[in-house]
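# Working through the structure, step by step
Residues per chain are reported as follows:
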Amino acid sequence: MPDRSSSKLLRALLPLLAATGCDGCPSSKPYTPYTLGSATPSGSPPPLSGVAPGAADAGLEAGAPDAAAPPRFAVVPSVPAPAGGKQWPLEGGAVVAAPTGRTFETGLLLDADGDGARDLVVWARSPDGLRGELLLAPAARPQALRTLTALPGDLAAQGCTPRVALSQIGPSALAFDFAPQCGADRRAASAGATRWLAVIRLPGAAAGAGAPPELALELRLRTPPPEEALSAALEVADHDADGRDDLLVTLGLSGALRPFHAPAGAASELRAPLIFLDRPAGLSRDAAQPAETLRALAASLLRDARGKATAPAVAAAAQRLRRLNAVLCADAAGGGALAGRDAARAGEALVWTGAGPVRCGEPGLAAAIDNAEAVAASTRGAPLAAIAALDHGAEPRTKDADKLLAKLAPPAAATAVYRTAAAPQPAGPGAFGPLAFEASGALLVRTAQGVVRVDPATSAESATDIPPWPAAIHAGPAQLVAVERRCDAPTLLALFRSSPDAVGEMEVPLPLLRSQGPRARAASPERCAGTERLPFSPLAASEGGFDIAVGAALVSIDLRAAAPASSALSFPLTTPAPQGAARSPDGATLAVPAAGGLLVATAGGPARLWSGGDLAQATACAPANGGARVACVVGAAAVIFEAK
């Protein structure tokens, strides 16, 4: 149970955390934070030691300084080992020799065991730098080296160059940082690289002279995708007013995955804290964080969603908050699977503590973010974008979200009015379907023998000389193959072949995170289902690329650039509607599976959510102009539906 005084302090500062930059993370700020950073999106690593300018004061409420606050502790960085790294002299003439097969790299001289003499705490590494131990050489017995902690063997990142830092971050706390620097040209190596942070607690006076330091906390930060950066700031302070120093770890996520755009300026980093309370048995994580901060950020999104001036920025902010949740929390919706002690490539969670992965216990967060994004889209007059936000499926919709969905797309009961004798030619998932309406209202059915027309007035079926349209979705020589959700990719992916005879498939990240898009609502957030091929509806294809719908989310894929890209589409679409697409002949109406039904929307008109009849088994639907009729493949026939 978190201490009440700590929770009260956090609640008081939550409005500050709700700001996108979250510079005012919960703390009484008596000490200067020790800041760590991952490789920036550009690939140039930040310093591994030192203090961020102004970090100690950022985000504090205006007012006079707290005179009762203890003086700040100035972070003490380690110093490089003497030349050669084989020996380290101590005060009084004693010399510490490096163990066989190890070289001293960096160390601190301080009274680490409370006996009044300055000891050596030093990092001793292997020749390749990928293995090593943090050692204590007591001043009283310099050759009686004691291992405080060793780098876990599974963290050695072959092909990467480690950078290390050792600092005293508080009166009784040291921080050791092991950071593999893999470079942009070593992506394969950096994908498995993990940053390792160890916090060492020095013995207090109650422990008695000669008591050794001990490992208080391990923290692992896996390397994020190259476009993102993950940072951590450490701060020692008495958060729960019990007279013992606690540890605050503020984790920050900056940059943005392809194809999302990274924000600039003060909003460039989104932060949330982990708090470790000092207890007699050791550090104990405050279970209120980071869930409390994530909830506050989601609430801030909802407030912005209701304002016309602030609503346009909510969609991008919602994606960033989903990413922060997935990166921090192993139980986040869509967070993926966990393997062993660390979050493996089968999962997204990038943060691990010595007690295991971080479980935030915030099951309604994804639904709250979806709802905020939907409200913002509704505020700015984009009903299809709002419906798409409510149809992510990572968590069940809230009652408020269901009410908004019913307002945006009122339910309509569908009735089958005609079932064809002509059998539509089967088409694979994602292909152009075998049905298309004409502007006259007649339905065309592509069969194995040719194209059959169904008269709109008499329902008479007759053969035509209309050439069958292709099922494959082509943009010039490129063919769209599938949309996938994969455990090793944080976004959904569109797969295409560059030419009919191309070997292998190319992929384009879509502007939808892995937790978005169709999914079984009963899926466990901590289990990734491997590779899933997701249903999608083709909307258009041209020499330049493809337009598709993944549920109600409309996406454009541009193949004209050297690096193919994707982006969200606005409704109505301006591209021509090919035969077999999920659009009407005039292109103004679309019919796509979404929100548990068939979403039929017309530009300038209403959107309705059709259900009933045989629609639950229907595929490859195509609407008529105006959306009064929709034809779908049901079994071995084409069925024309109308709705009341």
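Every value quoted in this text rests on a predicted model; they were computed, and no experiment measured them.

Criteria and thresholds
- Positions within a chain are numbered from 1, following the residues in the order the chain's sequence is written.
- Since the coordinates come from a predicted model, pLDDT governs what is reported: local features require at least 70, and pairs of side-chain atoms require 80 or more to be given and counted, while whole-chain, interface and lining totals use all residues.
- Water and hydrogen atoms play no part in the side-chain values, which are based on all heavy atoms of the structure.
- Here, the term nonpolar core denotes a set of buried Ala, Val, Leu, Ile, Met, Phe, Trp, Tyr and Cys residues that are joined through side-chain atoms within 4.5 Å.
- Each residue's exposure class comes from its accessible area (1.4 Å probe, protein chains only) as a fraction of the maximum for that residue type: buried when under 20%, exposed when over 50%, partly exposed otherwise.
- What counts as a helix is a DSSP run of H or I of at least four residues, what counts as a strand is a run of E of at least two, and both are numbered from the N terminus.
- Note on contacts: a residue pair is in contact if any heavy atoms of the two residues lie within 4.5 Å.
- A pair of strands is considered paired only if DSSP assigns at least 2 bridges between the two.
- Every axis in this analysis is a line fitted to C-alpha atoms, fitted for helices over the stretch in contact. Angles between the N-to-C directions lie between 0 and 180 degrees.
- Each Phe, Tyr or Trp ring (for Trp, its six-membered ring) is paired with any other whose centre lies within 6.5 Å, and the angle between the two planes then decides the class: stacked below 30 degrees, edge-to-face above 60, tilted in between.
- Two conditions define a charge sitting above a ring: the NZ of Lys or the CZ of Arg must be within 6 Å of the ring centre, and it must be within 35 degrees of the ring normal.
- A residue's pLDDT is the confidence the predictor assigns to it, expressed on a 0 to 100 scale.
- Geometric relationships in this document are graded by angle, where less than 35 degrees denotes roughly parallel, more than 145 denotes roughly antiparallel, 65 to 115 denotes roughly perpendicular, and other angles denote oblique.
- Nonpolar residues are Ala, Val, Leu, Ile, Met, Phe, Trp, Tyr, Cys and Pro. Charged residues are Asp, Glu, Lys and Arg, and all others, Gly as well, are polar.
- To estimate how far a helix should extend, the number of its residues minus one is multiplied by 1.5 Å.
- Here, a disulfide means two cysteine sulfur atoms that sit within 2.5 Å of each other.
- One speaks of a salt bridge when a side-chain nitrogen belonging to Lys or Arg is within 4 Å of a carboxyl oxygen belonging to Asp or Glu.
- When the near helix sits turned anticlockwise from the far one by under a right angle, the crossing is termed left-handed; a clockwise turn instead gives a right-handed crossing.

Quick look at the nonpolar core now. Core analysis: the largest hydrophobic core is formed by 94 residues, its most contacted members being Leu-247, Val-249, Leu-321, Leu-324, Val-351, Ile-557 and Leu-599. Counting residues per element, this core draws most heavily on helix H5 (residues 365-379), at seven residues. Ignoring sequence-local partners within four residues, the contact set of Leu-324 consists of Leu-253, Leu-270, Arg-271, Ala-272, Leu-294 and Leu-297.

Taken in spatial order, the four strands of this open sheet run E21-E22-E23-E24, and their pairing is antiparallel. At either margin of the open sheet sits one strand with a lone partner, and together these are strand E21 (435-437) and strand E24 (461-463). Averaged over all pairs of adjacent strands, the angle between their axes in this sheet comes to 25°, without regard to strand direction. Judged from the three bridges that link them, E21 and strand E22 (residues 443-446) form a sheet pairing that is antiparallel. Paired with Phe-437 across the bridge in E22 is Leu-443.

Let us now look at the side chain of Ser-537. Note on placement: Ser-537 falls in strand E30 (residues 537-542). Sequence-distant contacts of Ser-537, that is, excluding residues within four places in its chain, are made with Asp-547, Ile-548, Ala-549, Ala-582, Val-592 and Pro-593.

A few words on the packing of aromatic side chains. By the definition in use, this model includes four aromatic pairs. Taken together, a centroid distance of 6.4 Å and an interplanar angle of 70° make the contact between Trp-88 and Phe-104 edge-to-face. Of the two residues, Trp-88 is situated in strand E4 (residues 87-89) and Phe-104 in strand E6 (residues 103-110); the sequence distance between them amounts to 16 residues. Here the two residues Trp-88 and Phe-104 agree in accessibility, since each one is buried. Three or more aromatic residues link up through ring pairs in this structure, and these residues are Trp-123, Phe-176, Phe-178 and Trp-196. A cation sits over an aromatic face here: Arg-220 above Trp-352, 4.6 Å from the ring centre.

Turning to the sheet that holds strand E12 (residues 194-201), a few remarks are in order. Within the open sheet, the seven strands sit side by side as E2-E10-E11-E12-E13-E18-E19. Their pairing is antiparallel. Where the open sheet ends on each side, the last strands, each with one partner, are strand E2 (76-77) and strand E19 (356-357). Two strands pair when backbone bridges link them, and E12 and strand E13 (residues 214-222) are joined in this way by eight bridges, in the antiparallel orientation. Residue Ala-198 lies in a different strand from E13, and its bridge partner there is Glu-218.

Attention shifts here to the confidence of the model for the chain. Looking at the chain, the pLDDT average stands at 84 and 82% of residues meet or exceed 70. Overall, residues 37-66 carries pLDDT values under 50, and its contacts beyond four positions in sequence, including any with other chains, amount to 59 contacts.

In this model, Arg-258 is joined to Pro-259 through a cis peptide bond whose omega is 5°. With respect to the helices and strands, Pro-259 occurs in the loop between strand E15 (246-255) and strand E16 (269-279). In the segment running from Gln-289 into Pro-290, the intervening peptide bond is cis, with an omega of 10°. As for its position among the elements, Pro-290 is in the loop between strand E17 (282-285) and helix H3 (291-305). The phi dihedral of Ala-595 falls on the positive side, at around 50°, and the residue is not glycine. Take Ala-595: it is sitting in the loop between strand E34 (589-594) and strand E35 (597-602). Residue classification places Ala-595 among the buried positions, given a relative accessible area of 12%. Located in the positive-phi region is Ala-620, a residue other than glycine, with phi close to 50°. Inspection of the secondary structure assignment puts Ala-620 in strand E37 (residues 619-623). Its relative accessible area of 35% is what places Ala-620 among the partly exposed residues.

So, on to the packing of helix H4 (residues 314-328) against H5. Here H4 crosses H5 at 170°, and the two axes come no closer than 9 Å. Put simply, H4 runs roughly antiparallel to H5. Along the contact surface, H4 presents Val-314, Ala-315, Ala-318, Leu-321, Arg-322 and Asn-325, while H5 presents Leu-365, Ile-369, Asp-370, Ala-372, Glu-373 and Ala-376. For the contact of H4 with H5, a count of residues per class yields eight nonpolar, one polar and three charged.

This part covers the pairing of E13. As paired strands, E13 and strand E18 (residues 351-353) are joined by three bridges and run antiparallel to one another. Along E18, the bridge assignment pairs Leu-219 with Thr-353.

Moving on, we get to H3. When the terminal C-alpha atoms of H3 are compared, their 21 Å separation across 15 residues agrees well with the 21 Å that a helix rising 1.5 Å per residue should span. For H3, the complete set of buried residues consists of Ala-291, Glu-292, Thr-293, Leu-294, Ala-296, Leu-297, Ala-298, Ser-300, Leu-301 and Ala-305.

Applying the stated criterion to the full structure yields two disulfides. Each sulfur of the disulfide joining Cys-329 and Cys-360 lies 1.9 Å from the other. As the torsion about the S-S bond is roughly -80°, the Cys-329-Cys-360 disulfide counts as left-handed. Residue Cys-329 is located in the loop between H4 and E18, and its partner Cys-360 is located in the loop between E19 and H5; the two are separated by 31 residues in the primary sequence. Across the disulfide, Cys-621 is cross-linked to Cys-632 (sulfur-sulfur distance 2.0 Å).

The next subject is the environment of Lys-644. Within the secondary structure layout, Lys-644 lies in the segment after strand E39 (637-643). Taking the C-alpha atoms as reference, Lys-644 lies 8.0 Å from Thr-415; in sequence the two are 229 residues apart. For Lys-644, the residues in contact, after removing those within four places along its chain, are Ala-412, Ala-413 and Arg-608.

Once that is clear, we can look at the pattern of salt bridges. For the structure on display, the rule yields 28 salt bridges. Residue Glu-505 pairs with Arg-497 through a salt bridge whose shortest N-O separation is 3.6 Å. Glu-505 sits in the partly exposed class, given a relative accessible area of 36%. Note on Arg-497: relative accessible area 28%, which makes it partly exposed.

This next bit is on the environment of Thr-574. In this structure, Thr-574 sits in the loop between strand E33 (565-568) and E34. Given the relative accessible area of 78%, Thr-574 is considered exposed. Sequence separation of Thr-574 and Gly-587 is 13 residues, and the distance between their C-alpha atoms is 7.7 Å.

Where H5 contacts helix H7 (residues 399-408), the axes come no closer than 10 Å and their chain directions differ by 30°. It follows that H5 is roughly parallel to H7 by the angle criterion. Crossing of H5 over H7 shows left-handed handedness. Contacts between H5 and H7 involve Asn-371, Ala-374, Val-375 and Ser-378 from the first element and Asp-400, Ala-401, Leu-404 and Leu-408 from the second. For the contact of H5 with H7, the residue count by class is five nonpolar, two polar and one charged.

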